[in-house]
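What follows is the residue order along each chain.
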Amino acid sequence: MTELELKINNLKNNLYSDNEEIVNVDKISLQKNLFELIRECIKERDYIVDIGSYEINVTPADLSVKYETEETIIEISNEDVYYESTREVDCRYFVITNNQSSEYSLSNKAIRATGIVTNIDGVCEEHYEFELLTDEVDDIKNYLTLSNFNVSGAAYSSEEISTNYSVIIKKEIKRNDKRTDVIDFFLPNKVVPVFYDYKNQKYIREESERKSYSPNDYSILLPTLDSKKNLVNYLYSSIVEYYTEYINNNL
């Protein structure tokens, strides 16, 4: 193991234990190991290091700390502070029918609804994609509405990515807003909510048309990220502090 690899591993041990992120980080030890890592990076002229989900750039003119997972991005640099979170919502199926049966074959026309909730620099939105599952000529908008009071403020996303068989609807939200039930995007008496039974290759009608959420808001889908933002900011501030002391000691 090289000296640089050793310094990287020491800092990683401040952030992870058995590959799990440490919640209560020892900041004194963290800063000590970070300073040692910066010194070694300068010595080896290797200024960008990856430590788990963190990317640390100690290039003097381009300092930055980035934390990135599949669901979250937080980045602080010389130029900007950026954060983003993405959370998936339930994938749901709806059979297009007036027949109030308990089961439906896959030959029935159906709609699949998938969605994500995003927070990009404080702008929070939900995005739902509706896909019409049929080989017949049809238009998915024949079954959708934006006039329901429960989805007030919703709008179709860019027409450039829309087709007769797939559209995206977006809506700006707040963390304490009541969760949207995707069934409110459908015209009345057009669809029946179902489960897709993969094993038996059929649709089974849901017991209830409406979904029950607990809590019935966006708090789980829009995490505050405060603790992680504070940690990223501490790493960045510590890098700045290191260079400030370095400059002062070499004037």
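Residues numbered from 1 in each chain as written. Predicted model: local features only at pLDDT ≥ 70, side-chain atom pairs only at ≥ 80, totals over all residues. Heavy atoms only, no water.

## With respect to the environment of valine 58
Within the secondary structure, valine 58 is located in the loop between strand 4 (54-57) and strand 5 (64-68). On the basis of relative accessible area, valine 58 is assigned to the buried category, the value being 2%. Considering only alpha carbons, one finds valine 58 and alanine 110, 52 residues apart in sequence, at a separation of 52 Å. Leave out the neighbours within four places in its chain, and valine 58 touches Ile38, Cys41, Tyr47, Leu63, Ile239 and Tyr243. (Helix = DSSP H or I, 4+ residues; strand = E, 2+ residues; numbered from the N terminus. Buried < 20%, exposed > 50% of the residue type's maximum accessible area, 1.4 Å probe, protein only. Contact = heavy atoms within 4.5 Å.)

## Structural notes on helix 2 (residues 27-44)
Between its terminal C-alpha atoms helix 2 stretches 25 Å, which fits the 26 Å expected from 18 residues at 1.5 Å a residue. Considered for burial, the residues of helix 2 that qualify are Leu30, Gln31, Asn33, Leu34, Phe35, Glu36, Leu37, Ile38, Glu40 and Cys41. Elements in contact with the buried residues of helix 2: helix 1 (3-15), strand 3 (48-51), strand 4 and helix 3 (226-249). Just past helix 2, the residue arginine 45 takes up positive phi, approximately 55°. (Expected span 1.5 Å × (residues − 1).)

## Some thoughts on the side chain of serine 157
Secondary-structure assignment places serine 157 in the loop between strand 11 (155-156) and strand 12 (166-172). Since its relative accessible area comes to 16%, serine 157 is described here as buried. Excluding residues that lie within four positions of it along the chain, serine 157 makes contacts with Ser162, Ile168 and Lys170.

## So, the pairing of strand 9 (residues 110-120)
As paired strands, strand 7 (residues 81-96) and strand 9 are joined by ten bridges and run antiparallel to one another. Counted as the bridge partner of glutamate 84 is isoleucine 120 from strand 9. Note: strand 9 against strand 10 (residues 123-133), eleven bridges, orientation antiparallel. The residue bridging isoleucine 111 from the neighbouring strand is leucine 132, located in strand 10. Remark: two residues form the turn of the hairpin made by strand 9 and strand 10, two consecutive strands paired antiparallel; aspartate 121 in that turn has positive phi of roughly 50°. (Pairing = 2+ DSSP bridges.)

## What to know about the nonpolar core
Ile38, Tyr54, Ile56 and Ile239 are the most contacted members of the largest nonpolar core, which totals 30 residues. Listed by contribution, the elements that provide at least two residues to this core are helix 1, helix 2, strand 3, strand 4, strand 5, strand 6 (72-77) and helix 3. The element best represented in this core is helix 3, accounting for seven residues. The residues contacting isoleucine 239, other than those within four sequence positions of it, are Leu34, Ile38, Ile56, Val58, Leu63 and Val65. Counting 26 residues, the second largest nonpolar core, distinct from the first, contains Val89, Phe94, Tyr128 and Leu222. (Core = buried A, V, L, I, M, F, W, Y, C linked by side-chain atoms within 4.5 Å.)

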